[in-house]
Every structure is written in structure tokens, then in C-alpha cells.
There are 2 protein chains.
Amino acid sequence: MKKLFQFMLMTLAFAVCAPAQAQQITGPRGSDDMKIGVAGFSYRKYRNIDEAGALLKSMEVKYLSVKDWWLPLTATVEEMNAFKAKLAEYGVEGYTLGPIYMRSEADVDKTFAYAQRYGAKMFIGVPNYELIDYVKAKVKETGIKVAIHTHGPDGAAFPDIRTVVEKVKDVNAGIGCCMDLGHTFRSGYNCAEDIVTYKDWIYDIHIKDETAASKEGTTWEMGRGVIDFRPIIQALRQINYKGVISFEFEKNPDNPHPGVAESIGYLRAALDFTK
Amino acid sequence: MKKLFQFMLMTLAFAVCAPAQAQQITGPRGSDDMKIGVAGFSYRKYRNIDEAGALLKSMEVKYLSVKDWWLPLTATVEEMNAFKAKLAEYGVEGYTLGPIYMRSEADVDKTFAYAQRYGAKMFIGVPNYELIDYVKAKVKETGIKVAIHTHGPDGAAFPDIRTVVEKVKDVNAGIGCCMDLGHTFRSGYNCAEDIVTYKDWIYDIHIKDETAASKEGTTWEMGRGVIDFRPIIQALRQINYKGVISFEFEKNPDNPHPGVAESIGYLRAALDFTK
């Protein structure tokens, strides 16, 4: 009788526990294959790093590209260490610096010195075209790579990755691209194809949705614009992209967080569901 | 020469425009196959319907289950019409009422009269077990269906859909289930299997993530708990579910919106990427 009772208990335990375990995630998930980040520009009106850090933590976002309003180019190593420790309290790593615009050799010197004090292996920069050779020399000297941010069809420098390739020429020069997928899409290029074609040039990714595949398109929450993200995520998987995918949100600067959170959720599922 | 120039222009236009169009969504997407909603309980501290409506609009969520703090059970038809018009300003439909607890025949009468004034075809209700026959008669009399909300392993009535089936018995009685997937998961049941097994009983869905497949589990943002949503979404597709999937968030009652937005983004991608 006691045996029967034990058996019944075990059967009950199995019936109650086993099926749910079948739908419970225990191992790595698709979103663990990539690093999900946020481009600091999204929180451009949140200049208190505690506030920005808490928002990132609330979404379990672990990577932030650090804009200079949080960490000025004049910051000392001590100030940088304090900043990193502060971010770490929120489980966040300031994985890169920038975008930083460089309009003179002095700007280039200052920016590389800044990145060097930070211990960055790479920063996001936008040099004037005539400074490319000077930047190349600096990369060689410091070992710090530069990801040139692309800006789309609005007339700014480096509209897309083709210009980076054209200006830098040598894929081994340590100057690559922070590919802005929204601007790429607005320029009429196929992001997925560009990711595969220029894979060796891609150091960082800014992701976002857009309202149109034209100059008139504006940034939108992921999944509610007109970009089909499936081929893009598949392309990033195909090239075995190991960098960060940072969501950048130009919309709602006064209250970006709900739109960022919605997009981070979308991105996370896009990664989970493509594995 | 002019012909050649025209040809070159056309080629350029194709090169610039065609690839992006290939990744541009123009037709229906996976998330158009289902109605994404929010359970009003998520915004239980946002009792100003303008505030709640604006939050829903910001996510393009079009369906809300209406709790009685926005529309009391004593509301007149005129008050109800004003409420509906107000929600419509935000592009939102109050697609159902409740959950409403019914502990006496008088409660049942009052609730059905409320649903009838609202013009609801269905409401979410939780009757005492002994009132089931009385509710059945009311369904027959009014043509208004009842979706019984399930509450999981915490000791409340109707822990899961099995109890609904056991108490109601007749699948054609117009009493079905608002299946709470979080509570179902916490009870140790496989949500996907339950959806398929009990498909004719499912009138409404409350979706959420959980921190554990046990009584100790608590609601979490979708994609950051331990539920694997892929088989669940696939099961809903398999049964050709035509109701609303409403996200319900017990977490962060004082500031639920970022977590709701993150989860709505996750749900939207889950639907887009399973088509």
C-alpha cells in the first residue's frame, strides 16, 4: 500500500512537472548568440549616467556605446574608472566610445588619446575624408580600431559602407564601419546583402526600424516600421557576427525609453526565433 | 546617346531602389495574423483612461480588456458610449470586460446586465463553482459568453483549464476559458499542449513570462523569463486562434509601461518570425 502510494505520488509529480519543463528554456537561447546593446544617442537627454544605467538594467541590456556627454574627451583615467564602475553597478559595459567627429589632426590625436585612456579596442568615429591617412597611422600606432558611422542619404559624410570602403581602401587598415541599418535602408540598399558583402568591414551595428525606404523615412520602433528584419538577422548569423547590435533611437528624445524597450523586446525575439 | 543615358539612369534607379524593396514589408506580416492586446490589470494604477489609452496608442496596441475601475458595473449606456469613444481616440477597442468575480446570483445578474449594456459578446468572469448552472442559464438567455480566467497554483478558484472543463462539462454551453499562460506554466502544465487539447474552450489568452515553472514563479518581461514561447505561438497558429492575445503584467504596478512595451515588442516579433 505504501509502495502504491509512492508510485501514485511519483506519477503525479511527473504529470505536474514534466510537460512544463519541455517548454522551459534552460540552455542558451537565440538571443544569447549576439550582444544586444543600446547606442548612447538614444538617451541623449538622460545625461545622468545613473538614470541611463537604471533604464538599461531594467531591460537587461548589457552594452552601451558611450557618448561624450557622459564621459567628456578631457576625462582622466580616474574619472573613466569611476564611470566604468558606475556602469558596472547596472550590469552594463561601455563597450565603445562615440560617435566622435574628427575635423582636424588635433581632433584625431585627442580622440585616440581619449580611447587609449579608456582602454578601448575600438571607437566609433567620423573623420573628415582628408584625415583618413592620418587616422590609419594612428590606428597602426595605438592598435585602436575605428568604426566609421554611416549616415545615410541626408548629405552627411560617409552615407553608407561603400564610401568607407572607397575612402579607406585597405580592409586590414583597422578602419571599418559602424553600419547604421536604418540609414542603409533609407539609402535604398539591401541591409542583408550589404552585411554579407562587406562582412570584414563591419565592426559595429546600429539597428532601428524606419517608416520608409527613402530619404523621407524616419526612425521607428522595431516591428512597426517597414523593414523586414528576418533577412538582416539571418545575414548577421551567416557572417557569424560577434560584435554588438546596438539599437539606436532618434525618435522621442524626451521620452525614448518605452520605444527603446519595445524595440529591445522585438530584437530579442527576432534573435530567439531565428535560431 | 540619349537612349544610353536613359538606360543608365534606369539601371541606377534599379540598383538604388530594388534591393531595399526586397527587404521592405508591404503585405501582411505574421503579427497581423493575431490580435495583440493588453489586459487592463497591467495598468491598474493608471485609472485615468486617457493616460492608459495614450500608453496603448504609443505601442499601437488596439485591444484592451476593460477593468471596472475605468468603467464601473453601474455605468449607464451613455457613460459606456463615451468611454468607447474615448478609447477610439487612441485607436483602441475595449474588446471585453473583466475579469469580474461573481459570488452570488445577484452578482451574476448585475454582471450580465453590465455586459449587455456594453454590447459585449463575451466577458471575462470568475463565478463561484455553485453558480455555474445559473451562469449557463444566463448565457442562454443573453447570448453573452463567459471566459473564465484561470489563476494557477496559488489556491484561487479555477487554477487551470481542467477545472473549467470539469465544472462546465458542456463545451457548447458558451462558458469557456481566458487561459492565463503564466499561471498554466506555473502549475506545471505545458501551455502549447493545453492550447491544442482544449482549443474549443479557449475564448481569450493572457500571455506573460515567468521566472520559474512553479508556484514560486513570478511574472516577468517576455523573453527574459524561462518560458519558451515558440511552441506556444505555434500552437495558437495551429488551432487558428482568432481571439486576442493580451499581455498581462503583474510586475511593477507603479511603472509597468516599459515592461509592457518590451513584452509587446517581443510578442510582435514572435508572431512575425513564426509565419
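One can find the structure itself at the top, above this paragraph.
Residues numbered from 1 in each chain as written. Chains lettered and ligands numbered in written order. Predicted model: local features only at pLDDT ≥ 70, side-chain atom pairs only at ≥ 80, totals over all residues. Heavy atoms only, no water.

Our next topic: the layout of surface pockets. Residue and element names in this part refer to chain B. A volume near 560 Å³ is recorded for the largest pocket. Looking at the lining of the largest pocket, the elements with two or more residues in it are strand S3 (93-102) and strand S7 (202-207). Here the lining of the largest pocket is built from residues that sort into 10 nonpolar, 4 polar and 7 charged. (1 Å grid on protein atoms, 1.4 Å probe; cavity = no way out; pocket = protein on both sides within 12 Å on 5 of 7 lines; lining within 4 Å. Points joined across faces, edges and corners; volume = space filled by probe spheres on them. Helix = DSSP H or I, 4+ residues; strand = E, 2+ residues; numbered from the N terminus. Nonpolar A, V, L, I, M, F, W, Y, C, P; charged D, E, K, R; others polar.)

This next bit is on the pairing of strand S2 (residues 63-66) of chain A. All names here are of chain A. Side chains Tyr63 and Ser65 project from S2 onto one buried face, and the interleaved Leu64 and Val66 project onto a second face that is buried too. In this sheet, S2 lies alongside strand S1 (residues 35-39) in parallel orientation, the contact comprising 3 bridges. Its bridge partner lying in S2, Gly37 is registered against Tyr63. Across 4 bridges, S2 lies against strand S3 (residues 93-102) in parallel orientation. Across the sheet, Tyr63 pairs through a bridge with Glu93, a residue of S3. Between S2 and its parallel partner S3, the chain crosses via helix H3 (residues 77-89), and the hand of that crossover is right-handed. (Buried < 20%, exposed > 50% of the residue type's maximum accessible area, 1.4 Å probe, protein only. Pairing = 2+ DSSP bridges. Right-handed = clockwise from strand over helix to strand, strands pointing away.)

The next point concerns the sheet that holds strand S5 (residues 145-149) of chain A. All names here are of chain A. Taken in spatial order, the 8 strands close into a barrel running S1-S2-S3-S4-S5-S6-S7-S10, and their pairing is parallel. Averaged over all neighbouring strand pairs, the angle between strand axes comes to 30°, with direction disregarded. Note that strand S7 (residues 202-207) and strand S10 (residues 244-247) share 3 bridges and pair parallel. What sits directly across from His206, in S10, is Ser246. Strands S2, S3, strand S4 (122-127) and S5 of the sheet are contacted by helix H4 (residues 105-118), whose axis makes an angle of about 175° with S3. Running at roughly 155° to S1, helix H10 (residues 257-272) makes contact with S1, S7 and S10 of the sheet. (Axes fitted to C-alpha atoms, helices over the stretch in contact; angles between N-to-C directions. Contact = heavy atoms within 4.5 Å.)

Residue and element names in this part refer to chain B. With respect to the helices, strands and loops of the structure, Glu210 is situated in strand S8 (residues 209-210). Among buried charged residues, Glu210 stands out as having no salt bridge; its nearest opposite-charge side chain is Arg186, 4.2 Å away. In this structure the side chain of Glu210 is engaged in a polar contact, spanning 3.3 Å, whose partner is the backbone nitrogen of Thr219. Those residues within four positions of Glu210 in sequence are excluded, and the remaining contacts are Gly182, His183, Phe185, Arg186, Gly217, Thr218, Thr219, Trp220, Gly225, Val226 and Ile227. (Lys, Arg positive; Asp, Glu negative; His and termini not counted. Salt bridge = Lys/Arg side-chain N within 4 Å of Asp/Glu carboxyl O. Polar contact = N/O pair within 3.5 Å; in protein donor to acceptor, adjacent residues only side chain to side chain.)

This part is about the pattern of salt bridges. Pairing is possible between side chains that carry opposite charge, provided their charged atoms lie close to one another. Scanning all chains against the criterion turns up 36 salt bridges over all chains. Among the ionic pairs, Arg268(B) bridges to Glu262(A), the shortest N-O distance being 3.0 Å. You can see Arg268(B) sitting in helix H10 (residues 257-272) and its partner Glu262(A) sitting in helix H10, one on each of two chains. The buried category is assigned to Arg268(B), whose relative accessible area is 6%.

Superposing chain B onto chain A requires a rotation of 180° together with a translation of 0.0 Å along the rotation axis, leaving an RMSD of 0.0 Å. The superposition operator between the copies reduces to a two-fold rotation axis. The share of interface residues of chain B whose copies in chain A are also at the interface is 100%, consistent with both copies meeting through the same surface. (Least-squares fit on C-alpha atoms with pLDDT ≥ 70 in both.)

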